[in-house]
Amino acid sequence: MNRNAVYRVAAALASGVIFGLGLSISGMLNPARVRGFLDITRDWDPTLAFVLGGAVIVSAAGLALVRRMPRPLLDDRFYLPETRVIDRRLIVGSAIFGVGWGMVGLCPGPALASLSLGLPATVLFVAAMFAGMAAHDRLQGARPWQRV
Amino acid sequence: MATYASGLLGGMLIGLSAVVLVLANGRVAGVSGIAGRLLQGVQTATGTAFVIGLSLGPVLYRLVLGEWPPVVLAASWPIVVAGGLLVGYGSRMGSGCTSGHGVVGLARLSRRSMAAVGTFMATAVATVYLMGFFQ
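What counts and what doesn't
Residues numbered from 1 in each chain as written. Chains lettered and ligands numbered in written order. Predicted model: local features only at pLDDT ≥ 70, side-chain atom pairs only at ≥ 80, totals over all residues. Heavy atoms only, no water. Domains from an automatic or database assignment. Contact = heavy atoms within 4.5 Å. Buried area = accessible area lost by both parts, 1.4 Å probe. Salt bridge = Lys/Arg side-chain N within 4 Å of Asp/Glu carboxyl O. Polar contact = N/O pair within 3.5 Å; in protein donor to acceptor, adjacent residues only side chain to side chain. Helix = DSSP H or I, 4+ residues; strand = E, 2+ residues; numbered from the N terminus. Nonpolar A, V, L, I, M, F, W, Y, C, P; charged D, E, K, R; others polar. Buried < 20%, exposed > 50% of the residue type's maximum accessible area, 1.4 Å probe, protein only. UniProt positions renumbered as here; feature names shortened; annotations may be inferred. Core = buried A, V, L, I, M, F, W, Y, C linked by side-chain atoms within 4.5 Å. Phe/Tyr/Trp six-rings, centres within 6.5 Å; stacked < 30°, edge-to-face > 60°.

Caption draft 1: Quick look at the domain arrangement of chain B. Residue and element names in this part refer to chain B. Under the domain assignment, chain B is made up of domain 1 (1-71) and domain 2 (74-135). Computed over C-alpha atoms, the centres of domain 1 and domain 2 are 18 Å apart. Opposite the eight residues of domain 1 that make contact, domain 2 presents eight residues. Across the domain 1/domain 2 interface, buried area totals approximately 580 Å², and carbon plus sulfur atoms make up 65% of it. Looking only at domain 1, the three residues that lose the most surface to domain 2 are V28, S32 and Q40, adding up to 53% of its buried area. Across the domain 1-domain 2 interface, the total number found is zero salt bridges. The interface formed by domain 1 and domain 2 holds two residue pairs in polar contact (both at pLDDT 80 or more) in total. Looking at the side of domain 1 that touches domain 2, the elements with two or more residues in it are α1 (2-25) and α2 (31-40). Here the side of domain 1 that touches domain 2 takes three residues from α2, the largest share from any one element. By residue class, the composition of the side of domain 1 that touches domain 2 is five nonpolar, three polar and no charged.

Caption draft 2: Spotlight on unusual backbone geometry. Residue and element names in this part refer to chain B. Phi at Q43 takes a positive value of approximately 50°, unusual for a residue other than glycine. Relative to the helices and strands, Q43 resides in the loop between α2 and α3 (44-65). Looking at Q43, the relative accessible area reads 25%, which means it is partly exposed.

Caption draft 3: The interface of chain A and chain B, seen in detail. Taken together, the contacts link 109 residues of chain A with 105 residues of chain B. Counting the surface lost from both chain A and chain B, the interface buries some 9,800 Å², and carbon and sulfur atoms represent 75% of this. Counting every contact that joins chain A to chain B gives three salt bridges. Joining chain A to chain B, the criterion identifies 19 residue pairs in polar contact (both at pLDDT 80 or more). Broken down by secondary-structure element, the contributors of at least two residues to the side of chain A that touches chain B are α1 (3-26), α2 (31-38), α3 (47-66), α4 (88-104), α5 (108-113) and α6 (120-140) of chain A.

Caption draft 4: How the structure looks around the UniProt feature "transmembrane region" (unreviewed entry) in chain A. All names here are of chain A. Using the residue numbers shown here, the UniProt feature "transmembrane region" (unreviewed entry) corresponds to residues 7-29, 49-69, 90-111 and 117-135. Along residues 49-69 the backbone is 86% helical and 0% strand, and the end-to-end C-alpha distance reaches 30 Å. From the first C-alpha to the last, residues 90-111 spans 22 Å; its make-up is 86% helix and 0% strand.

Caption draft 5: Seen up close, the environment of B:L16. Along the chain, B:L16 falls in helix α1. Residue classification places B:L16 among the partly exposed residues on the basis of a relative accessible area of 37%. For B:L16, the residues in contact, after removing those within four places along its chain, are A:I18 and A:V58.

Caption draft 6: Spotlight on the nonpolar core. One finds A:L23, A:W101, A:L112, A:F125 and B:L54 to be the most contacted residues of the largest nonpolar core, which totals 61 residues. The greatest single-element share of this core, amounting to seven residues, is contributed by α3(A). Residues lining this core come from more than one domain, with at least three contributed by each of domain 1 (1-71) and domain 2 (74-135) of chain B. Setting aside residues no more than four positions away along its own chain, A:L23 makes contact with A:M28, A:L29, A:G109, A:P110, A:A113, B:I14 and B:L54.

Caption draft 7: Seen up close, the UniProt feature "transmembrane region" (unreviewed entry) in chain B. All names here are of chain B. Mapped onto this structure's residue numbering, the UniProt feature "transmembrane region" (unreviewed entry) falls at residues 6-24, 45-65, 71-89 and 115-134. For the annotated span residues 45-65, helix accounts for 100% and strand for 0% of the residues, and the straight-line distance between the end C-alpha atoms is 30 Å. In residues 115-134, the share of helix is 85% and the share of strand is 0%. The end C-alpha atoms are 30 Å apart.

Caption draft 8: Broad picture of α2(B). Residue and element names in this part refer to chain B. With seven of 10 residues buried, α2 is to be regarded as a mostly interior element. Here α2 has its buried residues at V31, S32, G33, I34, A35, G36 and R37. Following α2 by one or two positions, G41 has its phi on the positive side, about 80°.

Caption draft 9: How the structure looks around the packing of aromatic side chains. Applying the stated criterion across every chain yields a total of seven aromatic pairs over all chains. Centre to centre, the rings of A:F50 and B:Y4 are 4.6 Å apart; their planes meet at 5°, and the pair counts as stacked. Residue A:F50 is located in helix α3, and its partner B:Y4 is located in helix α1; the two belong to separate chains. Assessed through its relative accessible area of 24%, B:Y4 is described here as partly exposed.

Here it is as structure tokens:
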């Protein structure tokens, strides 16, 4: 591994730690809170709107910097998604994701972050999540994951 | 009010995390994408580092505040398994989840991500609403 590759791993680690800390502070590690946000007709908890708002504002500020940079600090080029088409896969996949997210209140970030708490239900969720990803790759054919 | 403030602060850290990854490595901080590539055996060094970092976040929180962040998962085990399968399959098929589409995609004003977020928010709200009748 050259030196930049080591730095890239360190940057990914730092990004993960900040992400996990942010999830913990915001309360979004907690599936009960997430479901409280999604429960708009009963006892609505608007906190997630503040979390998403804060995240998007800071992220947008950083992405404004990206437009002025010829390449990222540690790599040769930016690997940002270039797909623009809104197709059936995007909509059906997102709809399926939303049903699972609503059922449990966990999405991939909080699920992986809360593994460190060692709760059996979270470990089970993560195992099922990876099984779901593998099932998709089996049924639909694995394609390199670059399109967001 | 304090919960909104901590929500905003935590959200800004999540945004900062995305900024670090894109400025340093030029990559989108989409957790389902990172996890999916790990499963495919692609970009395993950075992916593993990101996931380890992710799970260290709550540990850091505990070191500073003296307690674990609250996690209440009330769903029964069959629901947890079904939800996990759908989250994995759906995020893979839809090319992203709440972080990739929700945070980075919206910040990039991607119409694709706006469509994805609108769709999964709608089905998640409908799911919680319908499940409310069985509890």
